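Summary of structural features
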Amino acid sequence: MTFDHVNLQTHRVMPGVTLSVLPTDKFKVGMLSLSFVLPFSGEEDTARSLMLSVLKRGCQRYPTMSAINRRLDELYATPFSVMHRYRGDRHYLGFAAETLENRYVLDNTDIVREVLSLMRELLFFPLMDDRGQFAEQYVASEKKNTIDQIRSLKNSPRSYAMARFRDLFYCEEPDYVGLLQGAEERVEAVSAEQLTDIWCRMITTAPIHCFYVGGLPVEQLKKCLCDILAPVMAGAVRETDEIVRHCRASRSFGQVRRVTEQGEQGQSHLILGFRSGITIQSPEYYAMMLCNELLGCSPISRLFVYVREEQSLCYACSSSYREQRGDLIVGCGIRAENKERAERAILAQIEALQNGDFTEAEWQAAKKSLIGGTRQVEDSARVLSDFYSLRQPLCPDHTIPDYVSRFDALTKQDVMAAAGRLTLEMVYFRRGTDGDEEAGEEDAYDG
């Protein structure tokens, strides 16, 4: 069972189509994705996401979700999902699937070929109405589903608080689309005609990228892609995707912004946002990862030990690092009366990292935790795909062995320097009713 991290390669299959492959025979299932690569467009973000949901509802050959699911069941119950991701200044839109490796198939079905064929049908041959536009009933249904998802955030005080924080924290970023503010209105404004126009431009001009983790030989996969995509790409003049996809660090407000709002239920939520300017493309990236691990990513982190356990100031407290923006976010669930003490305690932990005020045991435990978590990426084809599909467009030389060696080589001075780049930019407090509905929830605050 092997990996060839260093030789993760991207091949040009045909004009406008590239293929990235991480060969491995470790798993019984491989991970396959097929996506269009578009420049970021804040104006079209909502419509693009909605378009993808409509495409997954049905196509000419499989006009209903039941028909699609039957086909997936025939392909050994292949898990299938939409792919809607950002990589630097690029937007990836398509589908992903976990495919049973052909060597385990009993009836000689080429699972990868059949799944790629299904993706082609969904992406290139959607169900249209008599006007040549997306089926109105699917558009209306997906608009309703999306609005219901937006409204459902209110049923989770923690999720709602984080969504509200992010809308405030990134309100001045040109590449950020609000999760709450104006979200319902944007969805309501989308029309079948607009979705059809975006889809037409996408399939005729956007480059296509296929990412595969598994044991299928590269040449066989390239031939499969050519056979499946060549007929639908004839005559199309696709844009190239050779521009380096830069991460752009968030801009500083220039002062600490404080926002307090009243919630309707449960415990209160305190969220602190820090800028660092250190993104996944920065030399200090590895040190910031370890800084975040020390601060608030495990039951042995400083936020857990010193803020939650020793001082009992919160029900849950954790940090998250947004590596494409260079921001670190700390969130905790508290009683309203502990707001000031909790903020001071969190800032004290940041200062401790900046001053190197942490023990050798903490240092070694954080290193082992981060290295162990990185090595666990190799235990799943899906997680491997997520790891490399993020890094390959932004940092082609980043590999798991490289991560492990770089983490192991970090010094305390490296982490102190990274922590020194953290500047407090926003304090968001959502005051609850101080009920204990969420007491006991230990999930991390997802920044």
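Report on the accompanying structure. The numbers attached to residues start from 1 for each chain and follow its sequence in the written order. Only residues with pLDDT of at least 70 are given local features in this predicted model, and only at 80 or more are side-chain atom pairs given and counted; all residues enter the totals for whole chains, interfaces and linings. Working from all heavy atoms in the structure, the side-chain values ignore hydrogens and water.

1. Description of the environment of Gly-16
For clarity, the cut-off: What counts as a helix is a DSSP run of H or I of at least four residues, what counts as a strand is a run of E of at least two, and both are numbered from the N terminus.
The residue Gly-16 is located in the loop between β1 (9-14) and β2 (17-23) in this model. In this structure, the C-alpha to C-alpha distance between Gly-16 and Cys-224, residues 208 residues apart in sequence, is 16 Å.

2. Focus on the sheet that holds strand β11 (residues 423-431)
As a general point, the strands of a sheet are linked pairwise by backbone hydrogen bonds and lie either parallel or antiparallel. Going by this rule: Strand pairing requires that DSSP identify at least two bridges connecting the strands. The convention used is that axes are lines fitted to C-alpha atoms, helices contributing only their stretch in contact, and that angles between N-to-C directions extend from 0 to 180 degrees. By the convention used here, residues are in contact when the closest approach between their heavy atoms is within 4.5 Å.
Reading across the sheet, the five strands line up as β7-β11-β8-β10-β9 and stay open at both edges, with mixed pairing between neighbours. Each edge of the sheet is formed by a strand with only one pairing partner; in this case those strands are β7 (257-262) and β9 (316-322). Direction aside, the axes of adjacent strands within the sheet are offset by 15° on average. Of the strands in this sheet, β7, β8 (268-275), β9, β10 (327-334) and β11 touch helix α5 (residues 157-169), which is tilted by about 35° from β8. Docked against the sheet, helix α10 (residues 302-310) engages β9 and β10, running at close to 150° with respect to β9.

3. Regarding empty space enclosed by the protein
Convention followed: Cavity: a set of points on a 1 Å grid over the protein atoms alone where a 1.4 Å probe fits but cannot get out. Pocket: an open set with protein on both sides within 12 Å along at least five of seven lines, its lining residues, like those of a cavity, having an atom within 4 Å of a point. Grid points are joined across faces, edges and corners, and a volume is the space filled by probe spheres set on the points.
For the structure shown, the criterion picks out three cavities of 30 Å³ or more. Quantified by volume, the largest cavity comes out at close to 50 Å³. For the largest cavity, the full set of lining residues is Ser-33, Ser-35, Met-83, Arg-87, Tyr-92, His-209, Phe-211, Ser-389 and Pro-393. Those elements giving two or more residues to the lining of the largest cavity turn out to be β3 (29-39), β4 (80-87), β6 (208-214) and α13 (381-394).

4. Points about the packing of α13 against helix α14 (residues 400-409)
The cut-off we apply is this: If an angle is under 35 degrees, it is roughly parallel; if it is over 145, roughly antiparallel; if it lies from 65 to 115, roughly perpendicular; otherwise it is oblique. Think of it as three bins: nonpolar holds Ala, Val, Leu, Ile, Met, Phe, Trp, Tyr, Cys and Pro, charged holds Asp, Glu, Lys and Arg, and polar takes everything else, Gly as well.
α14 packs onto α13 with a crossing angle of 80° between their chain directions and a minimal axis gap of 12 Å. Judged on the interaxial angle alone, α14 and α13 are roughly perpendicular. Together, Leu-384, Phe-387, Tyr-388 and Arg-391 of α13 and Ile-400, Pro-401 and Tyr-403 of α14 make up the contact between the two elements. By residue class, the composition of the contact of α13 with α14 is six nonpolar, no polar and one charged.

5. As for helix α1 (residues 45-55)
Here is the rule we go by: Working definition: with a 1.4 Å probe on protein chains only, accessible area under 20% of the residue-type maximum means buried, over 50% means exposed, and in between means partly exposed.
For α1, a buried count of nine out of eleven residues is recorded, marking the element as mostly surrounded by other parts of the structure. Every buried residue belonging to α1 is among Asp-45, Thr-46, Ala-47, Arg-48, Leu-50, Met-51, Leu-52, Val-54 and Leu-55, and all of these are buried.

6. Regarding the pattern of salt bridges
Close approach of charged atoms allows side chains of opposite charge to pair. Threshold: By convention in these notes, a salt bridge is any Lys or Arg side-chain nitrogen within 4 Å of a carboxyl oxygen on Asp or Glu.
This structure, assessed with the given rule, holds 37 salt bridges. Among the ionic pairs, Glu-309 bridges to Arg-308, the shortest N-O distance being 2.2 Å. Linked through salt bridges whose partners overlap, the residues forming this network are Glu-173, Asp-175, Arg-248, Arg-251 and Arg-325.

7. Focus on the pairing of β6
Among the seven residues in β6, seven count as buried, and that is most of the element. Sheet topology note: the β2/β6 ladder contains seven bridges and is parallel. When the sheet's bridge partners are listed, Val-21 is paired in β6 with Tyr-212. Inspection of the sheet shows β3 paired to β6 by six bridges, in the antiparallel sense. Note on β6: the bridge partner recorded for Ser-33 is Phe-211.

8. As for the packing of aromatic side chains
What counts is decided by this rule: Pairing of aromatic side chains here covers Phe, Tyr and the six-membered ring of Trp, requires ring centres within 6.5 Å, and sorts the geometry by plane angle: under 30 degrees stacked, over 60 edge-to-face, intermediate tilted. Two limits define a charge over a ring: the Lys NZ or Arg CZ must be within 6 Å of the ring centre, and within 35 degrees of the ring normal.
Under the counting rule described, the total for this entry stands at 17 aromatic pairs. Centre to centre, the rings of Phe-169 and Tyr-170 are 5.0 Å apart; their planes meet at 65°, and the pair counts as edge-to-face. One exposure class covers both Phe-169 and Tyr-170, and it is buried. Clustering of aromatic rings is evident, with ring pairs tying together Tyr-285, Tyr-286, Tyr-321, Phe-387, Tyr-388, Tyr-403 and Phe-407. Its end group placed over the ring of Tyr-104, Lys-28 keeps NZ or CZ at 5.8 Å from the ring centre. Here the guanidinium or amino end of Arg-275 rests over the ring plane of Phe-253, the centre of that ring lying 4.9 Å away.

9. Quick look at unusual backbone geometry
In this structure, Ala-77 is a non-glycine residue whose phi angle is positive, near 50°. One non-glycine residue, Asn-108, adopts positive backbone phi at about 65°. Of note, Asn-108 is situated in the loop between β5 (90-100) and α3 (111-124).

10. A closer look at the packing of α1 against helix α4 (residues 136-152)
Helix-helix packing: each pair is described by the crossing angle between the helix axes and the interaxial distance. Here is the rule: Handedness of a crossing follows from how the near helix is turned relative to the far one, being left-handed for an anticlockwise turn of less than a right angle and right-handed for a clockwise one.
With their axes 9 Å apart at the nearest point, α1 and α4 run at an angle of 120° to one another. It follows from the interaxial angle that α1 and α4 lie oblique. The chirality of how α1 crosses α4 is right-handed. When α1 is examined against α4, the residues Leu-50, Ser-53 and Val-54 are found in contact with a partner set consisting of Tyr-138, Val-139, Glu-142, Lys-143 and Thr-146. Tallied by class, the residues present in the contact of α1 with α4 amount to four nonpolar, two polar and two charged.

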